[in-house]
Amino acid sequence: MSHIITLNAGSSSLKFGLFEVQGGTPVTLGTGLVDRIGGAQAHISATAADGSTIADDGPQHIPDQTAALDRVLTLLDRLYPGAKVAAVGHRVVHGGADIVAPITLTPDVVDSLEKFSPFAPLHQPHNLAGARAAMERFPNAVQIACFDTAFHRNHPWVNDTFALPREFYDKGVRRYGFHGLSYEYVTGYMAETAPLLHAGRVVIAHLGNGASMCAVVAGRSVGSTMGFSALDGLPMGTRSGQLDPGVVLYLMEQEGMDAAEIADLLYRKSGLLGLSGLSHDMRTLEAADTPQSRQAISYFTFRIRRELGALAAVLGGLDAVVFTGGIGENSRHVRERVCQNMGWIGIEIDHDANADNKPVISTMLSRVQVMVVNTDEELVIARAAAKLLGHETAQAMPA
Ligand code: ADP
């Protein structure tokens, strides 16, 4: 039996998954997270497919991504002795304008993906560092990259461009869109479970620490709230979301901030954290119930409602709305606020179903079906890797 490892390397975190390939199909064995990489406060946690905790280790010293990967491999070897790794699938945030599907990685291909690092400086270098470390550890395994941008590459031109002089579009200043792996999972799930809705006009709201919304027709993305960077659109845990570009000029000219300071402000200090002054975490804000936390949640839900109207206009109508991501899947409060007084667009929410996190939370009479889908980005990567498996030699976890 061969196995697939999935890796999603961020600036200070490494998400991982282990899958067993059964009859060509990956089945989840366990998934986990190393966070606070870069110091003595790092922590490793993992859960089995049934949601039970199988590891919870820390704090410990994990200096970098390579050390984090080694800890993960040691853990997986302990939890799943004898697992033989045939493929490693990597989440890579940026695939540029032309990559529309997963690709096989070689050292040269990884080097070539560096050209997109200027477009995603906070994510791409870490993704590629994770890929390089995994290639060293598993020299015989198939290594593939799945891109967050790929799902959106068929956007019509008007949804792909900014109104800047043409030369910037040609240089790659475009609306790429992100969270593509989550959208791919949700559209695949709908194709299987709700084919008529899948064939229609759907808005998917991926609401996690990062958040975006996507307009989909027949499983194809036609518009997204995220644009050139992972900053645009909805406010997020610590990111501002859509901002008048004049604010950035003001910060430079009047506040004397340089690019690094502005990046720190917009990526790490804004969003729910900035507005609440308390936390980036929705659960904490809901529990705190302070005036500032209530305002932060109000702004979050206001922007989701505004984008829902805009994306419905892009679609020329609406057949379904899907909530996903940690907030979308779990916060009945946020879903309720987003859906209230939306009868004009055809949404009528079933309050009991919503309170119970049911898969369908709209009433029988609602013209638009409102769904809750638990996304699984790791499984999307593992499925892509499983498709590419051939006759390579599966390898035990390196000690
Ligand atoms: P990431 O984008 O890092 O993958 P997640 O998709 O895990 O993030 O989402 C994390 C967010 O989901 C946090 O704001 C967290 O508070 C929120 N969340 C998780 N469970 C709940 C819950 N039961 N109620 C409200 N918010 C929740």
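Quick look at the structure, then.

What counts as what
Residues numbered from 1 in each chain as written. Predicted model: local features only at pLDDT ≥ 70, side-chain atom pairs only at ≥ 80, totals over all residues. Heavy atoms only, no water. Helix = DSSP H or I, 4+ residues; strand = E, 2+ residues; numbered from the N terminus. Buried < 20%, exposed > 50% of the residue type's maximum accessible area, 1.4 Å probe, protein only. Lys, Arg positive; Asp, Glu negative; His and termini not counted. Salt bridge = Lys/Arg side-chain N within 4 Å of Asp/Glu carboxyl O. Contact = heavy atoms within 4.5 Å. Near = heavy atom within 4 Å. Polar contact = N/O pair within 3.5 Å; in protein donor to acceptor, adjacent residues only side chain to side chain. Areas by Shrake-Rupley, 256 points an atom, 1.4 Å probe, with all protein chains shown as cover. Nonpolar A, V, L, I, M, F, W, Y, C, P; charged D, E, K, R; others polar. 1 Å grid on protein atoms, 1.4 Å probe; cavity = no way out; pocket = protein on both sides within 12 Å on 5 of 7 lines; lining within 4 Å. Points joined across faces, edges and corners; volume = space filled by probe spheres on them. Core = buried A, V, L, I, M, F, W, Y, C linked by side-chain atoms within 4.5 Å. Pairing = 2+ DSSP bridges.

1. A short note on the side chain of Arg174
Okay, step 1: Within the element layout of this structure, Arg174 appears in the loop between α4 (166-170) and α5 (180-193).
Okay, step 2: We note that Arg174 is buried and unpaired, the nearest opposite charge coming from Asp160 at a distance of 4.0 Å.
Okay, step 3: Not counting chain neighbours up to four residues away, the residues in contact with Arg174 comprise Ala97, Arg153, Asp160, Phe162, Tyr169, Gly227 and Phe228.

2. Quick notes on the site of the ligand
Okay, step 1: Close to the ligand lie 13 residues; Lys15, Asn209, Asp281, Met282 and Gly326 are nearest.
Okay, step 2: At 3.3 Å, a backbone N or O of Ile327 approaches an oxygen atom of the ligand.
Okay, step 3: Relative to its free-state accessible area of 580 Å², the ligand is covered by the protein chains to the extent of 74%.
Okay, step 4: Of all the secondary structure elements, the ones that give two or more residues to the shell around the ligand are α10 (282-288) and α12 (325-330).
Okay, step 5: A total of four residues in the shell around the ligand trace back to one element, the largest contributor, which is α12.
Okay, step 6: Here the residues of the shell around the ligand sort into two nonpolar, seven polar and four charged.

3. Focus: the pattern of salt bridges
Okay, step 1: Scanning the entire structure with this criterion turns up 15 salt bridges.
Okay, step 2: A salt bridge links Asp289 to Arg294; its shortest N-O distance comes to 3.1 Å.
Okay, step 3: Residue Asp289 is classed as partly exposed on the basis of its relative accessible area of 45%.
Okay, step 4: The network of salt bridges with common partners includes Asp70, Glu136 and Arg137.

4. A short note on the layout of surface pockets
Okay, step 1: When its volume is computed, the second largest pocket comes out at roughly 1200 Å³.
Okay, step 2: For the second largest pocket, the lining is made up of 38 residues, of which Phe162, Phe228, Ser229, Asp232 and Leu243 are closest to its centre.
Okay, step 3: With six residues, the top contributor of residues to the lining of the second largest pocket is helix α11 (residues 291-315).
Okay, step 4: Across the lining of the second largest pocket, the residue classes break down as 21 nonpolar, ten polar and seven charged.

5. Let's talk about the nonpolar core
Okay, step 1: Formed by 54 residues in total, the largest nonpolar core has its most connected members in Leu207, Phe300, Leu318, Phe323, Val334 and Ile347.
Okay, step 2: When residues of this core are assigned to their parent elements, the largest contribution, eight residues, is made by α11.
Okay, step 3: Setting aside residues up to four positions removed in sequence, Ile347 forms contacts with Leu308, Val321, Cys339, Met342, Ser366, Val368 and Val370.
Okay, step 4: Membership of the second largest hydrophobic core comes to 30 residues, among which are Val21, Cys214, Val380 and Ala386.

6. Focus on the side chain of His3
Okay, step 1: Tracing the backbone through its elements, the reader meets His3 in strand β1 (residues 3-9).
Okay, step 2: Taking relative accessible area as the criterion, His3 reaches 7% and is therefore assigned buried.
Okay, step 3: Polar contacts involving the side chain of His3 include one to the side chain of Glu20, which spans 3.5 Å.
Okay, step 4: Other than its neighbours up to four places away in sequence, His3 contacts Leu18, Phe19, Glu20, Leu29, Ala83, Lys84, Val85, Ala86 and Ala87.

7. A few points about the pairing of strand β10 (residues 211-217)
For a regular strand, the rule is simple: side chains alternate between the two faces of the sheet.
Okay, step 1: Buried residues dominate β10, accounting for six of its seven residues.
Okay, step 2: In this structure, strand β9 (residues 201-207) lies alongside β10, joined through seven bridges in antiparallel fashion. Note on β10: the bridge partner recorded for Val202 is Val216.
Okay, step 3: Remark: three residues form the turn of the hairpin made by β9 and β10, two consecutive strands paired antiparallel.
Okay, step 4: For β10 and strand β11 (residues 220-224), the ladder comprises four bridges, and the chain directions are antiparallel. Looking across to β11, one finds that Ala215 is bridged to Gly223.

8. Examining the environment of Phe228
Okay, step 1: Note on placement: Phe228 falls in the loop between β11 and α7 (245-253).
Okay, step 2: Judged by its relative accessible area of 25%, Phe228 is partly exposed.
Okay, step 3: Spatially, the C-alpha atom of Phe228 lies 5.4 Å from that of Tyr176, the residues being 52 residues apart in sequence.
Okay, step 4: Discounting residues that sit within four places of it in the chain, Phe228 has contacts with His94, Phe119, Phe162, Gly172, Val173, Arg174, Arg175, Tyr176 and Phe178.

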